[in-house]
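# Working through the structure, step by step
Letter by letter, the chains look like this.
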Amino acid sequence: MVDCDLDGCCVPLRLHTALLCIVQCIEHVADCVQPPSHTELFWSLEGISIENIKRNHALWILGQLYVHRHSCLSFGCFLCSGGYHGSPPLLVSPLDAMRTAWGGGDRVRYAVGCNVSYTPENFHLAEASIAAAVDVAKDVDVVVLGLGLCGDNYGGGPPKEDSTCFHIDEAEGTDRTNLTLPAADWPLPGAQLELFKAIMALGKPVVVFIMNAGPVDISYIKESGVPIVSAGYGGEFGGQATADVLTGAFNPGGALTYTVYPQEFTQKSSFRDMTMRSDKSTGNPGRTYKFLDTSVISPVWPFGHGLSYTSFALEVVQGPGPSALAPGEASQWVVSISNTGNVPGGIAVICYVSATNQTVIPDPPHRWVFDFARAPVLHPGEHVLLPFTLTARGRALTDRSGQWVVPTGGYTVQCEAGGVAATTPYRFSVA
């Protein structure tokens, strides 16, 4: 049995059990925090993607997403919990975890930098706050900059849960109107990009991590070349998990579960037009990795993207062979994944299929997920074989009446480990 998310990622039933436990842990945290099995589950399911990272000797913690201990239920830890959370007995903010990892004392310094968002009346405070943060940053070796959106904090702004949020960016009953971080020209403005630019001007090594639920266009930050960690809403262990990634104690291997579109997408795609496929007559660039016309819109990061501290090699060692499959026949696949880098690591491997030569369905999807697996932690030089199954339903397309059909013709399978490695395209036929 499988289920599919809105971006076409099919989730095998075996994963539902783990995801269900996550939901149960969020709703009944007091019963779930202590057992080691639940702790390990949180680590294994932390969907953290990474854009490279450097380690250095001194550190400066900067940004509104870190909070001091007495406000741990506000943005730093509160945001880790996301919505539908109770009052967990254990919360560790990213700031606390980084202080512990780096030995405490003056080795880790903290400054707010700026609020997540402001009101028009208090936006003038941002300039002075950024200037004060820059003064502190001048004397450190590395800057860790926390950015993100304001999630559901039940109203926003003091004295609510988060003293740095004066506008809810994403929550039930709140539609986002922009794909970027809050900016100076918003009705309820923000200054996070100005903060980033001011820190970058110092010429210090900078690492950015971002907490958010929906996709955020941070193209400017990506183009600057700084390391980026997408931490999402990690739950009560999210602060510790983020710190472990930043310090190199944990090698992430997650994959994006959605396409991250640029802000330009909002001008070219109307929500009054629910067409999934691209349409040159209307300018609709298409939606999701299945149908997005990348010649019109290039995603900031594609669905399934994710990096690692190590490198991998992928190879299809078993496929259907040269003989054509029958329309209702399944095929078994085995992919070899090897750690070709210098540090241990595991990673998510996603397998896609595309109909490359059929005439039944006009304008089929570019490709779609038929299976995926998590490679276990491999030491340098180690490899493992991962089995995948492509069923007839997994090859199926829908016709204009919404019926599933399995066209005969040519197909291509390719498996990818985020942005780290990919198999050579494997072509086969159905007749």
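Notes on the structure in this doc start here.

Rules used in this analysis
Residues numbered from 1 in each chain as written. Predicted model: local features only at pLDDT ≥ 70, side-chain atom pairs only at ≥ 80, totals over all residues. Heavy atoms only, no water. Helix = DSSP H or I, 4+ residues; strand = E, 2+ residues; numbered from the N terminus. Buried < 20%, exposed > 50% of the residue type's maximum accessible area, 1.4 Å probe, protein only. Contact = heavy atoms within 4.5 Å. Areas by Shrake-Rupley, 256 points an atom, 1.4 Å probe, with all protein chains shown as cover. Polar contact = N/O pair within 3.5 Å; in protein donor to acceptor, adjacent residues only side chain to side chain. Pairing = 2+ DSSP bridges. Axes fitted to C-alpha atoms, helices over the stretch in contact; angles between N-to-C directions. Phe/Tyr/Trp six-rings, centres within 6.5 Å; stacked < 30°, edge-to-face > 60°. Lys NZ or Arg CZ within 6 Å of the ring centre and 35° of its normal. Disulfide = S-S within 2.5 Å.

Below, the discussion takes up the overall build of the protein chain. Helix and strand counts for the protein chain come out as twelve helices and 18 strands. A burial count over the protein chain gives 51% of its 431 residues as buried. Considering only contacts within the protein chain whose residues lie at least 6 apart along the sequence, 70% involve residues at least 24 apart. Per element, the accessible surface of the protein chain, about 19,700 Å² overall, is 56% carbon and sulfur.

Its place among the elements puts Thr310 in the loop between α11 (288-291) and β9 (312-318). A relative accessible area of 8% places Thr310 in the buried class. One polar contact links the side chain of Thr310 to the main-chain amide nitrogen of Gly341, over a distance of 3.5 Å. With near-sequence residues (within four places) excluded, Thr310 lies in contact with Asn251, Asn339, Gly341, Asn342, Val343, Gly345 and Val420.

For strand β10 (residues 331-339), the buried fraction is high: seven of the nine residues fall into the buried class. Across six bridges, β9 lies against β10 in antiparallel orientation. The residue bridging Phe312 from the neighbouring strand is Asn339, located in β10. In this sheet, strand β13 (residues 383-390) lies alongside β10 in antiparallel orientation, the contact comprising eight bridges. Across the sheet, Ile337 pairs through a bridge with Val384, a residue of β13.

What follows covers the sheet that holds β9. Spatial ordering of the open sheet is given by β9-β10-β13, a layout of three strands whose pairing is antiparallel. The sheet terminates laterally at β9 and β13, the two strands that pair on one side only. When the angles between neighbouring strand axes are averaged without regard to direction, this sheet yields 25°.

A separate point is the packing of aromatic side chains. Using the criterion set out here, one finds nine aromatic pairs in the structure. Between Tyr118 and Phe123, the aromatic rings sit 5.6 Å apart at their centres with planes inclined by 80°, giving edge-to-face as the arrangement. Among the aromatic side chains, those forming a connected cluster through ring pairs are Trp333, Tyr411, Tyr426 and Phe428. In this arrangement the basic side chain of Lys197 is found over the ring face of Tyr220, its NZ or CZ atom lying 4.9 Å from the centre.

Scanning all chains against the criterion turns up one disulfide. The disulfide that involves Cys351 links it to Cys415, with 2.1 Å between the sulfurs. Judged by the sign of its S-S torsion, about 105°, the cystine formed by Cys351 and Cys415 is right-handed. Taken together, the positions of Cys351 in strand β11 (residues 345-357) and Cys415 in strand β16 (residues 409-417) put the pair 64 residues apart, joining distant regions of the chain. Comparing Cys351 with Cys415 shows no difference in burial state: the two are buried.

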